[in-house]
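The primary structure of each chain is shown beneath.
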Amino acid sequence: QVQLVESGGGSVQAGGSLRLSCAVSGSIFSDYVGWYRQAPGKQRELLATSTLGGEWYAEAVKGRFTISRDSANTKAYLQMNNLEPDDTGVYSCNANLARMSDGRRNNYWGQGTQVTVSS
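Residues numbered from 1 in each chain as written. Predicted model: local features only at pLDDT ≥ 70, side-chain atom pairs only at ≥ 80, totals over all residues. Heavy atoms only, no water.

(A) Seen up close, the overall build of the chain. In terms of helices and strands, the chain carries 0 helices and 11 strands. Along the chain, from the amino end to the carboxyl end, the secondary structure elements read β-β-β-β-β-β-β-β-β-β-β. A globule of 119 residues ought to have a C-alpha radius of gyration of about 14 Å, and the chain, at 14 Å, matches this closely. Dimensions of the chain, computed from C-alpha atoms along their principal axes, come out at roughly 50 × 25 × 25 Å. Summarising the internal contacts of the chain: among those between residues at least 6 apart in sequence, 57% fall at separations of at least 24. Accessible area of the chain: about 6,300 Å², with a carbon and sulfur share of 45%. Positive and negative side-chain charges in the chain, numbering 11 and 10 respectively, have mean positions lying 5 Å apart. (Helix = DSSP H or I, 4+ residues; strand = E, 2+ residues; numbered from the N terminus. Rg over C-alpha atoms; globule rule 2.2 N^0.38 Å. Contact = heavy atoms within 4.5 Å. Areas by Shrake-Rupley, 256 points an atom, 1.4 Å probe, with all protein chains shown as cover. Lys, Arg positive; Asp, Glu negative; His and termini not counted. Charge placed at Lys NZ, Arg CZ, Asp CG, Glu CD.)

(B) Region of interest: the nonpolar core. One finds Leu4, Phe29, Leu78 and Met80 to be the most contacted residues of the largest nonpolar core, which totals 28 residues. Mapped onto this core, the elements with two or more residues apiece are β3 (18-25), β4 (32-38), β5 (44-51), β7 (65-69), β8 (75-80), β9 (89-98) and β11 (113-118). (Core = buried A, V, L, I, M, F, W, Y, C linked by side-chain atoms within 4.5 Å. Buried < 20%, exposed > 50% of the residue type's maximum accessible area, 1.4 Å probe, protein only.)

(C) View of the state of the cysteines. According to the stated counting rule, one finds 1 disulfide in the structure shown. Across the disulfide, Cys22 is cross-linked to Cys93 (sulfur-sulfur distance 1.9 Å). Every disulfide takes its handedness from the sign of the S-S torsion; for Cys22 and Cys93 that torsion is 60°, giving right-handed. Placement of the pair is Cys22 in strand β3 and Cys93 in strand β9, with a sequence separation of 71 residues. Of the two residues examined, Cys22 and Cys93, each falls in the buried class. (Disulfide = S-S within 2.5 Å.)

Shown next as structure tokens:
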């Protein structure tokens, strides 16, 4: 069974840092991994992607957030530095994954992890 599970969220003061992780079971990360954020009262926003073409960042997080993967491609990370109150929201990871059991590929989402940044 393919699953994505985020962790690492929490409450920090402005200027602080957090490192989010996204662990995959039943597959490994391949061509696409993305991190999204849904702020209170806002639509879900794509923040960062890791693809065969490289890394991409939304303008709001450029220079502050970094997306990465571990060497085994079983975990994806989002390093968040110099956090701001506007960074508050639910962060979730998204990936297109091939199931180990039969090789079938689908789009998967994690359950999300809460990040709260206070001033």
